[in-house]
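Spelled out, the chains give:
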Amino acid sequence: MASSIYIIGKDEIPARVSLKENERLDWTLVCLPGTSADVSIDIELDGPGAEVDLAGLYLCRTDEKLTLKVNVRHNSGGCTSHQLFKGIVGGQASAAFDGLIYVAHGAQKTKAYQENHSILLSSTARAESRPQLEIYADDVECSHGATTGFLGEDELFYMRSRGIPEKDARRLQIISFLAPVLERLPEELRDDIVSEC
């Protein structure tokens, strides 16, 4: 099992990975405030039973420009991939996620899932999401989804009505939104990210 945490803009992220039979890849990507980058990753599942668990979070607060391109190719049957990317985009920043799940002819019993969710903190921030499925097998479970929106006003009102100051309420909403990826990180890095929220 290859389990790794990569800090975008600091660590060298492999651009292409091939997984053989029953191999597993477990990666978490983190983009901290102040980082602009163009990241492109190709993951090939070339043997039955190969698994990918890929997650990421990005905090773009001012004028950062982030592009994430993730191409997961199921070339063999009986493989599984999970992708979850979550981001916070504010100021004049922009973040783009371009993800492809490809299922080859004959790659039956594939299970592939992809999600990208972003929260905008300003009207000038931009978040684009282009999740894609390209499937050439008929016995598969595949899904993709994307959302972009603002912090929930009803939740904010509820917390404020319980005496939580607005700034703290917004921070708690952001931390809650990022929690599924934050929990994958070591405590020190998680604390650093929470302090940026």
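Just so it is clear, the structure is predicted and the values come from calculations on it, not from any experiment.

**Student:** Which residues make up the packing of helix α2 (residues 166-182) against helix α3 (residues 187-196), and what values go with them?
**Tutor:** For the pair α2 and α3, interaxial distance at closest approach is 10 Å and the crossing angle is 150°. The pairing of α2 with α3 is recorded here as roughly antiparallel in orientation. Both α2 and α3 take part in a crossing whose hand is right-handed. Where α2 abuts α3, its residues Arg171, Ile175 and Leu182 lie against Arg190, Ile193, Val194 and Ser195.

**Student:** Any details on the packing of aromatic side chains? Residues and values, ideally.
**Tutor:** In total, this model carries three aromatic pairs according to the counting rule given. Between Tyr6 and Trp27, the aromatic rings sit 5.1 Å apart at their centres with planes inclined by 75°, giving edge-to-face as the arrangement. Of this pair, Tyr6 sits in strand β1 (residues 2-7) while Trp27 sits in strand β3 (residues 24-31), and the two are 21 residues apart along the sequence. We classify Tyr6 as buried; its relative accessible area is 12%. When its relative accessible area of 3% is taken as the criterion, Trp27 is described as buried. Ring geometry for Tyr102 and Tyr136: centres 5.7 Å apart, planes at 55°, overall tilted. With Tyr102 in strand β8 (residues 94-103) and Tyr136 in the loop between β10 (126-135) and β11 (140-150), this residue pair connects regions lying 34 residues apart in the sequence. A relative accessible area of 13% places Tyr102 in the buried class. Residue classification places Tyr136 among the partly exposed positions, given a relative accessible area of 36%. The positively charged end of Arg73 is found above the aromatic ring belonging to Tyr102, 3.9 Å away from the centroid. Residue placement shows Lys86 over the ring face of Phe177; its charged tip is 4.3 Å from the ring centre.

About the cut-offs
Residues numbered from 1 in each chain as written. Predicted model: local features only at pLDDT ≥ 70, side-chain atom pairs only at ≥ 80, totals over all residues. Heavy atoms only, no water. Axes fitted to C-alpha atoms, helices over the stretch in contact; angles between N-to-C directions. Helix = DSSP H or I, 4+ residues; strand = E, 2+ residues; numbered from the N terminus. Parallel < 35°, antiparallel > 145°, perpendicular 65-115°, else oblique. Left-handed = near helix turned anticlockwise from the far one by under 90°. Contact = heavy atoms within 4.5 Å. Phe/Tyr/Trp six-rings, centres within 6.5 Å; stacked < 30°, edge-to-face > 60°. Buried < 20%, exposed > 50% of the residue type's maximum accessible area, 1.4 Å probe, protein only. Lys NZ or Arg CZ within 6 Å of the ring centre and 35° of its normal.

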